[in-house]
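Here is how the chains run, residue by residue.
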Amino acid sequence: MSKTHLISTANQLPRAWASTIVGQAAGSNVKVLRMDGAAYPDESHDFDEALLVLDGCMRLDLQGQVTEVNAGEVFIVPAGVPHAVAPGSHGTLVIIDR
């Protein structure tokens, strides 16, 4: 068993948008990263992905439609759905995926 301070871990990463795996649970990776206002390119996965904003705001772009995900909110992106992060996203993001 271990405890991790996610915001501190994200702030210590060498660059924004470079996630690190902080652990695994129920067969999923738990990752953390720092958002810095820059956009992140379109991607899709063959698995559902949970995007949990710890602080700040993520501007999630789903096929041209931008949805703001604020601190304390989670967005589940279904498998196969292309998604990107629009400019202006900032703060700490937790990603739960395979």
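(A) Structural view of the nonpolar core. Grouped together as the largest cluster of nonpolar side chains are 14 residues, with contacts concentrated most on Trp17, Leu33, Met35, Leu51, Met58, Leu60 and Leu93. Those elements giving two or more residues to this core turn out to be β2 (28-36), β4 (49-62) and β8 (90-97). Apart from the residues within four sequence positions on either side, Trp17 is in contact with Leu33, Arg34, Met35, Asp36, Ala38, Ala39, Tyr40, Val85 and Ser89.

(B) The side chain of Glu49, seen in detail. Mapped onto the secondary structure, Glu49 falls in strand β4. No salt bridge is formed by the buried Glu49. Its closest oppositely charged neighbour is Lys31, at 5.9 Å. In terms of polar contacts, Glu49 uses its side chain to reach the side chain of His45, at 3.3 Å. Among the polar contacts listed, one links the side chain of Glu49 to the side chain of His83, at a separation of 2.8 Å. Sequence-distant contacts of Glu49, that is, excluding residues within four places in its chain, are made with Glu43, Phe75, Ile76, Val77, His83, Ile95, Ile96 and Asp97.

(C) Spotlight on the environment of Val22. Summarising the element assignment, Val22 is placed in strand β1 (residues 20-25). Separated by 30 residues in the primary sequence, Val22 and Leu52 place their C-alpha atoms 14 Å from one another.

(D) Quick peek at the layout of surface pockets. For the largest pocket, the calculated volume is near 240 Å³. Taken together, 17 residues make up the lining of the largest pocket; nearest its centre are Leu33, Tyr40, Glu43, Glu49 and Ile95. Every element with two or more residues in the lining of the largest pocket is listed here: β2, β3 (40-43), β4, β7 (83-85) and β8. Counted by class, the lining of the largest pocket contains ten nonpolar, three polar and four charged residues.

The rules we used
Every chain is numbered on its own, with residues counted from 1 as its sequence reads. Under the rules for a predicted model, residues below a pLDDT of 70 receive no local features and side-chain atom pairs below 80 are neither given nor counted, while totals for whole chains, interfaces and linings still include all residues. For the side-chain quantities, the full set of heavy atoms in the structure was used; hydrogens and water were omitted. Among buried residues, the Ala, Val, Leu, Ile, Met, Phe, Trp, Tyr and Cys ones that are joined through side-chain atoms within 4.5 Å form a nonpolar core. Buried means the residue's accessible area, taken with a 1.4 Å probe over protein chains only, is under 20% of the maximum for its type, while exposed means over 50%, and partly exposed covers the values in between. Helix and strand labels come from DSSP, where a helix needs a run of H or I of at least four residues and a strand needs a run of E of at least two; each type is numbered from the N terminus. The criterion used for residue contact is that any of the two residues' heavy atoms lie within 4.5 Å. Charged residues are defined here as Lys and Arg on the positive side and Asp and Glu on the negative side; His and the ends of the chain fall outside this count. The working definition used for a salt bridge is a side-chain nitrogen of Lys or Arg within 4 Å of a carboxyl oxygen of Asp or Glu. By the criterion applied in these results, polar contacts are pairs of N or O atoms within 3.5 Å in which, for protein atoms, one can donate a hydrogen and the other can accept it, and in which residues neighboring in sequence qualify only through two side-chain atoms. Using a 1 Å grid laid over the protein atoms alone, points where a 1.4 Å probe fits but cannot get out form a cavity; open sets with protein on both sides within 12 Å along at least 5 of 7 lines form a pocket; any residue with an atom within 4 Å of a point counts as lining. Grid points are joined across faces, edges and corners, and a volume is the space filled by probe spheres set on the points. In this count, Pro and Cys sit with the nonpolar residues alongside Ala, Val, Leu, Ile, Met, Phe, Trp and Tyr, while Asp, Glu, Lys and Arg are called charged and the others, Gly among them, polar.

It is worth stressing that arrangement in space is one thing and function is another; only the former is reported here.
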